[in-house]
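A closer look at the structure
Chain by chain, the residues run as shown.
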Amino acid sequence: MGKEARQNWDNPVQFVLACVSYAVGLGNVWRFPYLCQMHGGGGFLIPYLIMLVLEGIPLFYMELAIGQKMSLGSIGAWTAINPYLGGIGVASVVTSMYLCLYYNIINAWSFWYLFHSFQSVLPWAECPLNSNRTGPIEECETGTSTEYFFYRETLNISSSIEENGGIHMGQALCLLLAWVITYLFIARGVKSTGKVVYFTAIFPYVVLFIYLIRGFTLHGAFNGVAYMFTPKLEQLANPTTWINAATQIFFSLGLGFGTLIAFASYNQYNNNFERQAIIVSFINCGTSIFASVVTFSIYGFKATVNYENCLERTRLLLLNTFNLAEDSVSMDNVFEWIEKLNTTYPQQFAEIAHKLEGCDLESELDTAVEGTGLAFIVYSEAIMNMPVSQLWSVLYFLMLLLLGMGSMLGNIMAIITPLRDFKLLSHISDELLNGLVCVFCLLLGLGFTTTSGNYWFTMFNDYGANFSLLFVVLAEVITVSYIYGIKRFEKDIEDMLGHRPNWYWKIMWAGVSPLLLITLFIVYIVNYIQGGTPTYQAWNKELVSWGSFPLLTDYPVFGQLFIALLLVSSVSCVPLTALYVYCRERKRRPAHTGSPE
């Protein structure tokens, strides 16, 4: 199946950088810091590192071994192992397609923010004026300027998933640009991708390092870093902490999408993938921790600024109400004055009690945000308070863009490589096949640029991959360990590396990793059932004015049916493919037995 003409990476470094560029993505920047914040700061590193050893590295190694041995994409590789199990590869391709459809819209948002960063005043730094030019727009004033810019200017979001307007032309053009660049990166297969990964893998670290230095010079940054590294070890007794650590390792390394199998299929047969699996896994883990230090320094700055602004508002309220001397109340002694004035003038103090805010630095740091809320709202708010904010905005969104584009290279290769292995498509040039796939994904992805597109984005993000990936990787490890056989797999590895895998790898593949995956799979199903009707957060302009955002809303019936379709569509590829192969074999048998030699 096209083995002779198969392309190869120019050198092992390209392969490692491709894996790093793919695995190190947006989740390292906007998901891992959130989990640290939720599960005890530095204490979360304990279950995270344990799960890396028990689950992450062994499964990463396994996928690289399969790809390099078979020199095929996911569909061809699993079909070669067992024709009835080719559906595992099909499920991977379907899941990767779902991811490609919505992942590039994040890159479109990054382009949008990047282009808007080249202004004398960042557009999310202040609220626009209302139509009478008498004050800020009410929707913006009630929320924040950064929320308004994201939800109204960037998304022009509707009040629910059921209300759909037209396409946001600015977003559509940014999405088109994202797909054009994706195509240029992959146009000639690994020959072009191998050159691009030098930039997409390395440059984000340069920006992160610059941000680390800048972050540590910000006022209050060490409040955030101290918060991160102060472990709350009681969280280790919480089962959710361990489940989230295992899930984060699983998705952060990009297991189950078929990308690692695709990348490894372009290796030389005797390439040392064992060493590379360990290197990439620890680089990914180290990047998560590194990005968290940067993020928490920004958190500390933002939280300190918010805390001190709160203290300043309280100070001015006390000065104006009690006619105190300007220099008598400072931010250092404001709490002492509150206690003193409450005791001395209880009646007068009671009249302003409802205006006093609960200023607390710890509660500011406890506010956990993930995903787009962290990347496009919290970071934007912090950036606009920095000197020379335009420079830091450009650097930040360029970094987000490169992280996203690096992951997109892997996502799209997980689709293209298996398609290329089909004889029917083997005669189509790389440029044409890759272009057709990109155009197909672009046209479907335009739905995410409509006014209700963000709600569909959330649906795909929550339900498009998680369940199916757990199922796919569980099927992979059971197939390798108990259908293909550990001993046979050992011989394949020995043939490639010159030595057999040691006891650690075999114990993980045959026992520990399957048990962990089964546990995660069961927990996911139980949580989904117990969660009741799926919900999403709606941005309703009228309710924002009443301070009721976000509004938790049940998905309508069509939304619930679509979620069920997302959950079932990829998983069903495994039994449906097995059924197809079985029927095909049954049809062939009589023809073979009945025809004379």
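Being a predicted model, the structure only gives us computed values, none of them experimental. (Residues numbered from 1 in each chain as written. Predicted model: local features only at pLDDT ≥ 70, side-chain atom pairs only at ≥ 80, totals over all residues. Heavy atoms only, no water.)

Remarks on helix α19 (residues 389–420)
Relative to the 46 Å expected for 32 residues at 1.5 Å per residue, α19 spans 46 Å between its end C-alpha atoms, a close match to the ideal helical length. Bending of α19 peaks at approximately 30 degrees at the position of methionine 413. In terms of residue burial, α19 counts as a mostly covered element, since 28 of its 32 residues are buried. (Helix = DSSP H or I, 4+ residues; strand = E, 2+ residues; numbered from the N terminus. Expected span 1.5 Å × (residues − 1). Bend = angle between axes of the 7 residues up to and from the residue. Buried < 20%, exposed > 50% of the residue type's maximum accessible area, 1.4 Å probe, protein only.)

Considerations on the UniProt feature "binding site: Na(+)" (unreviewed entry) in the chain
The residues that UniProt annotates with the feature "binding site: Na(+)" (unreviewed entry) are Ala23, Val24, Asn28, Ser252, Asn284, Leu403 and Ser407. With the annotated positions falling across 385 residues, the maximum pairwise C-alpha distance of 12.7 Å places them together in a single cluster. With respect to the helices and strands, leucine 403 occurs in helix α19. Ignoring any residue separated from it by four or fewer positions in sequence, one finds leucine 403 in contact with Ser21, Val24, Gly25, Leu26, Val29 and Pro204. You can see serine 407 is positioned in helix α19. Residues within four places of serine 407 in sequence aside, it is in contact with Ser21, Tyr22, Val24, Gly25 and Tyr103. (UniProt positions renumbered as here; feature names shortened; annotations may be inferred. Contact = heavy atoms within 4.5 Å.)

As for the pairing of strand β1 (residues 535–538)
Taking every second residue as pointing to the same face, the buried face of β1 carries Tyr536 and Ala538, while none of Thr535 and Gln537 on the other face is buried. As paired strands, β1 and strand β2 (residues 551–554) are joined by 4 bridges and run antiparallel to one another. Within β2, the residue paired with glutamine 537 across the bridge is leucine 552. (Pairing = 2+ DSSP bridges.)

Section: unusual backbone geometry
Residue serine 71 is not a glycine yet carries a positive backbone phi of 50 degrees. Residue class for serine 71 comes out buried when judged on its relative accessible area of 14%. Although it is not a glycine, asparagine 323 adopts a positive phi angle of roughly 50 degrees. Mapped onto the fold, asparagine 323 is located in the loop between α14 (273–322) and α15 (334–344).

Some remarks on the packing of helix α6 (residues 86–116) against helix α25 (residues 557–571)
When two helices pack together, their arrangement is given by the angle between the helix axes and by the axis-to-axis distance. Close contact between α6 and α25 brings their axes to 7 Å; oriented N to C, the two are set at 145 degrees. Taking contact as the criterion, the partners of Ala91, Val94, Thr95 and Tyr98 in α6 are, on α25, Leu566, Ser569 and Ser570. Counted by class, the contact of α6 with α25 contains 4 nonpolar, 3 polar and no charged residues. (Axes fitted to C-alpha atoms, helices over the stretch in contact; angles between N-to-C directions. Nonpolar A, V, L, I, M, F, W, Y, C, P; charged D, E, K, R; others polar.)

Concerning the environment of cysteine 100
Within the secondary structure layout, cysteine 100 lies in helix α6. In this structure the C-alpha to C-alpha distance between cysteine 100 and glycine 445, which are 345 residues apart in sequence, comes to 8.5 Å. Contact partners of cysteine 100, with chain neighbours within four places excluded, come to Trp179, Met408, Asn411, Ile412, Ile415 and Cys441.

Looking at the side chain of serine 96
As for its placement among the helices and strands, serine 96 is situated in helix α6. When its relative accessible area of 1% is taken as the criterion, serine 96 is described as buried. From its side chain, serine 96 meets the backbone oxygen of phenylalanine 257 in a polar contact 2.8 Å long. In contact with serine 96, other than residues within four places in its own chain, are Phe257, Asn411, Ala414 and Ile415. (Polar contact = N/O pair within 3.5 Å; in protein donor to acceptor, adjacent residues only side chain to side chain.)

What about the nonpolar core?
If you look at the biggest cluster of nonpolar residues, it comprises 194 residues, and the most contacted ones within it are Ile66, Tyr211 and Phe376. Sort the elements by how many residues they give to this core and α14 lands first, with 20 residues. Once residues lying within four places of it in the same chain are set aside, the contact partners of isoleucine 66 are Ala77, Trp78, Ile81, Ile261, Val480 and Phe489. (Core = buried A, V, L, I, M, F, W, Y, C linked by side-chain atoms within 4.5 Å.)

Side note on a nonpolar patch on the surface
There is a patch of nonpolar side chains on the surface, built from Val13, Tyr198, Ile202, Val206 and Ile210 and spanning about 380 Å² of accessible area. For tyrosine 198, the position within the fold is in helix α10 (residues 190–216). (Patch = residues over 30% accessible without salt bridge, like charges linked within 9 Å, V, L, I, M, F, W, Y side chains within 5 Å. Areas by Shrake-Rupley, 256 points an atom, 1.4 Å probe, with all protein chains shown as cover. Salt bridge = Lys/Arg side-chain N within 4 Å of Asp/Glu carboxyl O.)

Focus: the state of the cysteines
Per the counting criterion, the structure on display carries 2 disulfides. Bridging cysteine 127 to cysteine 140, the disulfide has an S-S length of 1.9 Å. Looking along the S-S bond of the cysteine 127-cysteine 140 disulfide, the torsion reads about -80 degrees, which is the left-handed sense. Taken together, the residues span a long stretch of sequence, with cysteine 127 in the loop between α6 and α7 (138–142) and cysteine 140 in helix α7 at a distance of 13 residues. Taking relative accessible area as the criterion, cysteine 127 reaches 23% and is therefore assigned partly exposed. Look at cysteine 140 and you get buried, because its relative accessible area is 1%. Shown here is the disulfide that connects cysteine 310 with cysteine 359, its sulfur atoms set 1.9 Å apart. On the S-S bond that ties cysteine 310 to cysteine 359, the torsion sits near -80 degrees, and the link is left-handed. Here cysteine 359 lies in the loop between α16 (346–352) and α17 (361–366) and cysteine 310 lies in helix α14, a separation of 49 residues in the sequence. Accessibility expressed as a relative area gives 10% for cysteine 359, which makes it buried. (Disulfide = S-S within 2.5 Å.)

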